[in-house]
Amino acid sequence: MPPNAPMRGSGNCGGLGRPPRARRRSVEQASESTPLLAAGGIAPTADSEIPEVTTLMNEPSSSNKIDPDDRPLPVAQIVVLCYARWIEPVAFFSIFPYINKMAQENGNLADADVGFYSGLIESLFSLTQMAVMILWGKAADRVGRKPVLVISLMGVSLATAMFGMAKTIPQMILFRCLAGVFAGTIVTIRTMISEHSTAITQARAFSWFAFTGNLGILFGPLIGGALADPAGQYPGLFGNIQFFKDYPYALPSFAVGGIGVTAVLVTAFLAEETLKNNTFGGSSDTEEFGAPAKPAPMTTWDLLKSPGVPIVLYTYGHLMLLAFSYTAIVPVFWFTRIDLGGLGFTPLQISLLMGLNGLAQAIWILLVFPPLQHRIGTNGILRMCAIAYPFFFAICPFFSLLLRNGGSTGETIFWFIMPVLLCLGCGVSMSFTAIQLALNDASPSPATLGTLNALALSLVSGVRSFSPALFASLFAISTRTQWLWGYAIWVLMVLLALGYTVISRYMPDSDELRRQTERRNMDEGDLSNVGGLTGVTIAGADANPE
């Protein structure tokens, strides 16, 4: 090889970066002993204007490769989306402090019937969400994430504000179901956070997402309880306002609706569209090089048959069943008398422990989850939580037995270990964030991410429509009949948790899913989606979706 010939794969790539005169000198210096396929610049292309990427398609320069996983997390965009995310649990939980009293007053209900109608309203809300969730996901995949998010936030804000004006049970159902119709917020936000993050930053992004949801669960009931019946609670301020006497639940609804309007404005002016960048980014480059057109969008059925999707969706639903059932049981369990199989807590003790529970979950999600996910991976966290879940449920009847049979010594031991074990057990909440990351990894392409999230959340809405009432009833049957000393419900919970322990062993490997997606996209000629959600550099093309 001539001494001045550049190395193969160097930044010069065959001398194409040199001026034509220099390339002509290289040709003149060639001799009879010069190899015809020398790795230098002695064999220029026919056209000096042809870019390097077309002449060395199969030999991309390492200097041109950009690892998309090195893209920093756009913190400002994540904060905007987390604020929009905060609105959904605030709107959902804000009515909980007063819905029973509101239903009783609007329907002239007997005390025994109040629980049925308040549960009916929430079940119909969840069923409505389940019915429309996939439609919102498909709309987000077609017209864009941002329009769907803004429209959904507007609808939720309006419907929530109207709920406080209801004067009959049918009106309460109508306005609550109307809020359920605009269920595009949560599915779109999940998708946009996924598209703003990479394999490296998604754990941190979704830990913020989960923490914001916990804040919404905290502030929603506080807003609803503090502002309900203002004329009765604050007669000095609102006692002379007839409107608040006629509509005692309008103020909390208006307050939440007003907060929702601020979220509409923030997302409308500050949120960035992510669909075009991730789905269509780089497509013009590949089309320039004569790459085939993208295949037709996947149908929902094709998406459900994609590798890894069925098992991830089932695991998602199983986890949510565990979460909703425990959430329905534990407040009643804490309140129920010790001799019936509960813990006999006072309302103050329940509220303090609920606060401790929320604080522990926030610490696990914000501080422990990101580095742990980086160390053992998403599946590692899911399997670790799957092992912990049965023990977490099993210690609940153990606490009751300790109070039931331990006397004063048992009570002392109980208050020493119970808060500690409760905080440790809250680590299973990491599985909720981990399963979202597994769902992102299972998506065949960015174009299907919105629909896949919609399928998962439809499943969640379906589970939420029946599980609280079902498991609360099963707990009541367990305590009333005293099966297994009132602890039969916990045997059922442990069995359900063991089912998740088994299923977690079959979760697909995210790297293998990416390789399968790349092979499928290559077979279909869809080069722009090679590399799944994180993209890939093709022959020096810019892989940065921004």
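Scope of this entry: the structure provided in the associated data block. (Residues numbered from 1 in each chain as written. Predicted model: local features only at pLDDT ≥ 70, side-chain atom pairs only at ≥ 80, totals over all residues. Heavy atoms only, no water.)

## Quick look at the overall build of the protein
Put simply, the rule is: Secondary structure elements follow DSSP: runs of H or I of four or more residues count as helices, runs of E of two or more count as strands, with numbering from the N terminus. Three labels apply to residues, based on accessible area from a 1.4 Å probe with only protein chains included: buried if under 20% of the type maximum, exposed if over 50%, partly exposed otherwise in between. It only takes one pair of heavy atoms within 4.5 Å for two residues to be counted as in contact.
Of the regular secondary structure elements, the protein holds 23 helices and zero strands. Relative to its full complement of 546 residues, the protein shows a buried share of 50%. Of all intrachain contacts in the protein linking residues separated by at least 6 positions in sequence, the fraction that spans at least 24 positions is 79%.

## Some details on the nonpolar core
For the record, the criterion: Only buried residues count toward a nonpolar core. Its members are Ala, Val, Leu, Ile, Met, Phe, Trp, Tyr and Cys residues joined through side-chain atoms within 4.5 Å.
Membership of the largest hydrophobic core comes to 94 residues, with the highest contact counts inside it found for Tyr326, Trp334, Leu343, Phe393, Met418 and Trp490. The greatest single-element share of this core, amounting to 15 residues, is contributed by helix α18 (residues 347-405). Contact partners of Trp334, with chain neighbours within four places excluded, come to Leu343, Gly344, Phe345, Ile350, Leu353, Met354, Met418 and Leu422.

## So, unusual backbone geometry
Not every positive phi belongs to a glycine, and Gln482 is a case in point at roughly 60 degrees. Tracing the sequence through the fold places Gln482 in the loop between α21 (449-481) and α22 (488-503). The phi angle at Leu484 is positive, at roughly 50 degrees, despite the residue not being glycine. Mapped onto the secondary structure, Leu484 falls in the loop between α21 and α22.

## Overview of the state of the cysteines
Stated formally: When the sulfur atoms of two cysteines come within 2.5 Å, that pair is taken as a disulfide.
Applying the stated rule across the entire model yields zero disulfides. Not engaged in a disulfide, the cysteine Cys426 finds its nearest cysteine sulfur in Cys423; these two sulfurs lie 6.1 Å apart. Look at Cys426 and you get buried, because its relative accessible area is 3%.

## Re the pattern of salt bridges
Heads up, the condition is: Any Lys or Arg side-chain nitrogen located within 4 Å of an Asp or Glu carboxyl oxygen qualifies as a salt bridge.
Summed over all chains, the structure comprises five salt bridges. Its salt-bridge partner being Glu88, residue Arg85 comes within 3.1 Å of it at the nearest N-O pair. With Arg85 and Glu88 both in helix α3 (residues 75-93) and three residues apart, the pair spans about one turn of that helix. A single burial state applies to Arg85 and to Glu88, both of which are buried. For the salt bridge of Asp339 with Arg337, the shortest nitrogen-to-oxygen distance reads 3.0 Å. With a relative accessible area of 43%, Asp339 lands in the partly exposed category. The network of salt bridges with common partners includes Asp141, Arg145 and Glu195.

## Some points on empty space enclosed by the protein
Take a probe with the size of a water molecule and roll it over the atoms, and the empty space left behind shows itself. Test applied: Using a 1 Å grid laid over the protein atoms alone, points where a 1.4 Å probe fits but cannot get out form a cavity; open sets with protein on both sides within 12 Å along at least 5 of 7 lines form a pocket; any residue with an atom within 4 Å of a point counts as lining. Grid points are joined across faces, edges and corners, and a volume is the space filled by probe spheres set on the points. Nonpolar residues are Ala, Val, Leu, Ile, Met, Phe, Trp, Tyr, Cys and Pro. Charged residues are Asp, Glu, Lys and Arg, and all others, Gly as well, are polar.
Taken as a whole, this structure holds six cavities of 30 Å³ or more when the rule is applied. In this structure, the second largest cavity encloses a volume near 140 Å³. For the lining of the second largest cavity, the secondary-structure elements that each account for two or more residues are α3, α5 (111-143), α6 (145-163), α7 (169-181) and α8 (184-196). With five residues, α3 is the largest single contributor of residues to the lining of the second largest cavity. Partitioned by chemical class, the residues of the lining of the second largest cavity number eleven nonpolar, three polar and two charged.

## Brief notes about the packing of helix α20 (residues 430-442) against α21
As a reminder of what qualifies: Axis definition: a line fitted to C-alpha atoms, limited for helices to the stretch in contact. Angles are taken between N-to-C directions and run from 0 to 180 degrees. Should an angle fall under 35 degrees it is called roughly parallel, over 145 degrees roughly antiparallel, and 65 to 115 degrees roughly perpendicular, with every other angle called oblique. Here a crossing is called left-handed whenever its near helix is offset anticlockwise from the far helix by less than a right angle, and right-handed whenever the offset is clockwise.
With their axes 10 Å apart at the nearest point, α20 and α21 run at an angle of 140 degrees to one another. Taken together, the axes of α20 and α21 lie oblique to each other. Here α20 runs over α21; the crossing is right-handed. Seen from α20, the contacting residues are Gln436, Leu439, Asn440 and Ala442; seen from α21, they are Leu449, Leu452, Asn453 and Ala456. Of the residues that constitute the contact of α20 with α21, the class distribution is five nonpolar, three polar and no charged.

## Quick look at a nonpolar patch on the surface
Rules: Patches draw on residues past 30% relative accessible area with no salt bridge. Two like charges within 9 Å are joined, as are two nonpolar side chains (Val, Leu, Ile, Met, Phe, Trp, Tyr) within 5 Å. Computed by Shrake-Rupley with a 1.4 Å probe, the accessible areas treat only the displayed protein chains as cover when residues are assessed.
Side chains of Ile477, Trp483, Leu484, Trp485, Val491, Leu495 and Leu498 sit close together on the surface and give an oily, nonpolar patch of about 740 Å² of accessible area. The element best represented in the nonpolar patch is α22, accounting for three residues. Mapped onto the elements of the fold, Trp485 is located in the loop between α21 and α22. Looking at Trp485, the relative accessible area reads 62%, which means it is exposed.

## Observations concerning helix α19 (residues 407-425)
What counts is decided by this rule: In this analysis, the expected span of each helix is defined as 1.5 Å times one less than the number of residues it contains. Bend, at a single residue, is the angle you get between axes fitted to the 7 residues ending at that residue and the 7 residues starting at it.
Between its first and last C-alpha, α19 extends 25 Å over 19 residues, near the 27 Å set by a 1.5 Å rise per residue. Of all the bends in α19, the greatest, near 30 degrees, is centred on Ile417, and the proline Pro419 appears no more than four residues after it. For α19, the complete set of buried residues consists of Gly410, Phe414, Met418, Leu422 and Gly425.

## Side note on the packing of α21 against α22
Think of two packed helices as two axes; the pair is described by the angle between the axes and how far apart they sit. Orientation of α21 relative to α22, taken along the N-to-C sense of each, is 135 degrees, at an axis distance of 8 Å. Viewed along their axes, α21 and α22 adopt a mutual orientation that is oblique. For the pair α21 and α22, contact is made by Phe471, Leu474, Phe475 and Ser478 and by Ala488, Ile489, Leu492, Met493 and Leu496, respectively. For the contact of α21 with α22, the class distribution of residues is eight nonpolar, one polar and no charged.

## Regarding the environment of Leu372
Mapped onto the fold, Leu372 is located in helix α18. With 58 residues separating them along the chain, Leu372 and Met430 place their C-alpha atoms 10.0 Å apart. Among residues more than four places away in sequence, those in contact with Leu372 are Gly377, Ile381, Met384 and Met430.

## Notes on the packing of aromatic side chains
We apply this condition: Geometry of aromatic contacts follows a simple scheme: Phe, Tyr and Trp rings, the Trp one being its six-membered ring, pair when their centres are within 6.5 Å, and the pair is stacked under 30 degrees between planes, edge-to-face over 60, tilted otherwise.
All chains considered together, the criterion is met by 27 aromatic pairs. Plain terms: the ring middles of Tyr98 and Tyr249 are 5.1 Å apart, the flat faces sit at 15 degrees to each other, and that makes the pair stacked. Taken together, the residues span a long stretch of sequence, with Tyr98 in the loop between α3 and α4 (99-107) and Tyr249 in the loop between α12 (242-246) and α13 (250-270) at a distance of 151 residues. Like Tyr98, the residue Tyr249 is buried in the burial classification. Consider the rings of Phe243 and Tyr247, whose centres lie 5.2 Å apart with planes at 35 degrees: the pair is tilted. Under the relative-accessibility criterion, Phe243 is labelled partly exposed at 30%. For Tyr247, a relative accessible area of 24% puts it in the partly exposed group. Among the aromatic residues, those joined into a cluster by ring pairs are Tyr234, Phe238, Phe243, Phe244, Tyr247 and Phe254.

## Overview of the environment of Arg505
The residue Arg505 is located in the loop between α22 and α23 (510-524) in this model. You can call Arg505 exposed: its relative accessible area is 53%. With 122 residues separating them in the primary sequence, Arg505 and Arg383 have C-alpha atoms 6.9 Å apart.

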